[in-house]
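Observations on chain architecture
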Amino acid sequence: MKKDVFLVIIASIIVVAIIYLYNTKVNPKEISKKIDEFVEPELEKKYGFVVDSFLILSDTVRPGETLGTIMSKYGITAIEVDRISKMSCDTFNLTLLHVGQPYTVFQDTLCDSIAKTKYFVYENGNVVYTLYDFSKADTIHALKLRKNVDTLQKSASGIIDYSLWNTLNDQGINWQLAIAMSQTFAWTIDFYGLQKGDAFKVLYTELFVEDNSIGIDEVKAGLFIHNEREFWAIPFTMDSCNQMFFDKEGNSVQKTFLKAPLKYTAISSRYSHARMHPIFHKVTEHLAVDYSAPMGTPIYSASDGTIVFRGWGTGAGNMVKVRHNSVYSTVYMHMSRFGDYNVGDYVKMGDVIGYVGSTGWSTGPHLHYEIHENGYKIDPLLFEAPPAEPVPPEQMDRFNKEKQKWIDEINKIEFPTLEI
Ligand SMILES: [Zn+2]
């Protein structure tokens, strides 16, 4: 009996020992996890250079300064400046400096006490910068580079007191959101007719470079309450088509045509079956609308379609014709130059197909714009653009699921509490 007790005790000791050894056995996964957790402290960098390694001087371009006068302040010799100015590529054109743009000089202070400029960075814009590399003894390199752009999803809400712009501005939100919203809701809400008490909730993306906002990317989804009515903009992508906005019932909130194929314009000649032609001084038809606009104003394709003509027409000058579907085509005349699209290219509504000019029979910069409906020229100003297609029945299930996610997201946004 005593022997049995002894054996049980021995067995228990062995089991406990095995459990103990198993639990204390070092797990290789844990080692790697510990190594991962040890992250080297990140070195502060500017334009990819380690900040601590240089003496860094920053300033902005002042009136009258050239790259040469600025660089000479930082010890770049006249010979080096001359070599830069002779770089053939127009990317590095010295005349392209803009007053107020920042620049940064990286100087090396290691060799004796004379600071030597190693790198010179000029910011061409928010994203693009030019790097002049003086670090090599015999050559100077100039590179045009881009900073990393981060896209962040954000939300905003507000109750309109005076204007949409003021409501955003009061909250420190980028004013460009007002433009993005007016585009998203362009066909459902008259932004000139907003009322006090109208309200909105919107999800959008904003672009950041080094924590500084460089603008609004796009509205992702939104709700606008106008005159106590709800207007939803719910994104949905049908098959391979582009993403469009729909209301809760799956009706498109966008129309298929822009109201006008350019911005900032005045109508200089309307659609008419009898008007005095400004060049020929005789009564002719003008089955189009003329928009006078500054030379170079971008001209947008009024709707999605395919470019079927791009070239010279005797009276039309530089002309583009876009075929949108079996019913509608649009024609644009007197362009100063064309956009980046050629015959056969598919363009989307709002793509730039050319620029306002005065080519052909024209007395000044303007766009002559025609809409052809089944081959007939109709009055663009009376044209009621058909709404884009609704969500087709076979895709309603998918739409309803995605819709609910967006509605939940929008509903989570709270209105700002009003200060009294
Ligand atoms: Zn005309």
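Look above for the structure.
Below: a short report on this structure. Bear in mind that the values here come from a model prediction, so they are computed numbers and not experimental data.

Regarding the nonpolar core
Among the nonpolar cores identified, the biggest contains 23 residues, and Val320, Tyr332, Ile353, Leu367 and Tyr369 are the most heavily contacted of them. Looking at this core, the elements with two or more residues in it are strand S16 (289-292), strand S19 (317-323), strand S20 (328-338), strand S22 (352-356) and strand S23 (366-373). At 4 residues, S20 tops the list of elements feeding residues into this core. Aside from chain neighbours lying at most four places away, what touches Ile353 is Ile299, Tyr300, Ser301, Ile307, Val320, Val322, Tyr332, Met335, Phe338, Gly339, Tyr341 and Val347. Listed in part, the 21 residues of the second largest apolar core include Leu168, Ala178, Val202 and Tyr204.

Some points on the coordination of the zinc ion
Ideal values for angles at a metal depend on the geometry: 109.5 degrees with four tetrahedral donors, 90 or 180 degrees with six octahedral donors. Looking at the metal site, the zinc ion is ligated by His286 (NE2), Asp290 (OD), Asp290 (OD) and His368 (ND1), spaced 2.0 to 2.6 Å from it. The coordination sphere of the zinc ion comprises 4 donor atoms, whose angles at the metal cover 54 to 161°; the geometry is irregular. All donor residues of the zinc ion come from one chain, and their arrangement in sequence is H-x3-D-x77-H. Residue His286 is located in strand S15 (residues 283-286), and its partner His368 is located in strand S23; the two are separated by 82 residues in the primary sequence. What makes His286 buried here is its relative accessible area of 2%.

A word on the sheet that holds strand S4 (residues 102-108)
Within the open sheet, the 5 strands sit side by side as S3-S4-S5-S6-S7. Their pairing is antiparallel. The open sheet has two edge strands, strand S3 (55-60) and strand S7 (141-146), and neither has a second partner. Taken over all neighbouring pairs, the strand axes of this sheet differ in orientation by 20° on average, direction set aside.

Thoughts on a nonpolar patch on the surface
On the surface, Trp165, Trp175 and Ile179 cluster together to form a nonpolar patch covering roughly 330 Å² of accessible area. For Trp175, the position within the fold is in the loop between helix H5 (164-170) and helix H6 (176-184). Residue classification places Trp175 among the partly exposed residues on the basis of a relative accessible area of 45%.

Points about the sheet that holds strand S8 (residues 150-159)
Reading across the sheet, the 5 strands line up as S8-S9-S10-S11-S12 and stay open at both edges, with antiparallel pairing between neighbours. Lying at the two open borders of the sheet, with one neighbouring strand each, are S8 and strand S12 (243-246). Across the sheet, the mean angle from the axis of one strand to that of its neighbour is 30°, orientation sign disregarded. Both S8 and strand S9 (residues 199-209) contribute to a ladder of 10 bridges, which runs antiparallel. Pairing of Leu152 across the sheet is with Glu206, part of S9. Strands S8, S9, strand S10 (212-226), strand S11 (229-237) and S12 of the sheet are contacted by H6, whose axis makes an angle of about 45° with S10.

With respect to the pattern of salt bridges
Following the criterion strictly, the structure yields 12 salt bridges and no others. The partner of Asp59 in a salt bridge is Arg62, and the shortest N-O contact between them spans 2.8 Å.

Some points on helix H4 (residues 78-85)
Every buried residue of H4 is listed here: Glu80, Val81 and Ile84. Down the axis, H4 shows its buried residues gathered within 100° of arc, on one side only. Seen from the open side of H4, the exposed residues pointing more than 90 degrees away from its buried face are Ala78 and Ile79. Those residues of H4 hidden inside the fold are in contact with helix H3 (67-73), strand S5 (116-123) and strand S6 (128-133).

A look at helix H7 (residues 396-412)
Here H7 is 17 residues long and its end C-alpha atoms lie 24 Å apart, about the 24 Å a rise of 1.5 Å per residue gives. What H7 keeps buried is the set Phe399, Lys403, Trp406, Ile407 and Ile410. Looking straight down H7, one finds its buried side chains confined to an arc of 105°; they lie on one side. Exposed positions of H7 whose direction lies more than 90 degrees from the buried face are Asp397, Lys401, Lys405 and Lys412. In this fold, the buried residues of H7 make contact with S9, S10, S11 and S12.

Calculation rules
- Residues numbered from 1 in each chain as written.
- Predicted model: local features only at pLDDT ≥ 70, side-chain atom pairs only at ≥ 80, totals over all residues.
- Heavy atoms only, no water.
- Core = buried A, V, L, I, M, F, W, Y, C linked by side-chain atoms within 4.5 Å.
- Buried < 20%, exposed > 50% of the residue type's maximum accessible area, 1.4 Å probe, protein only.
- Helix = DSSP H or I, 4+ residues; strand = E, 2+ residues; numbered from the N terminus.
- Contact = heavy atoms within 4.5 Å.
- Donors = N, O, S within 2.8 Å, 3.2 Å for Na, K, Ca; no water.
- Tetrahedral: all angles 85-135°; square planar, octahedral: opposite > 155°, others 65-115°.
- Pairing = 2+ DSSP bridges.
- Axes fitted to C-alpha atoms, helices over the stretch in contact; angles between N-to-C directions.
- Patch = residues over 30% accessible without salt bridge, like charges linked within 9 Å, V, L, I, M, F, W, Y side chains within 5 Å.
- Areas by Shrake-Rupley, 256 points an atom, 1.4 Å probe, with all protein chains shown as cover.
- Salt bridge = Lys/Arg side-chain N within 4 Å of Asp/Glu carboxyl O.
- Arc of directions from axis to C-beta.
- Expected span 1.5 Å × (residues − 1).

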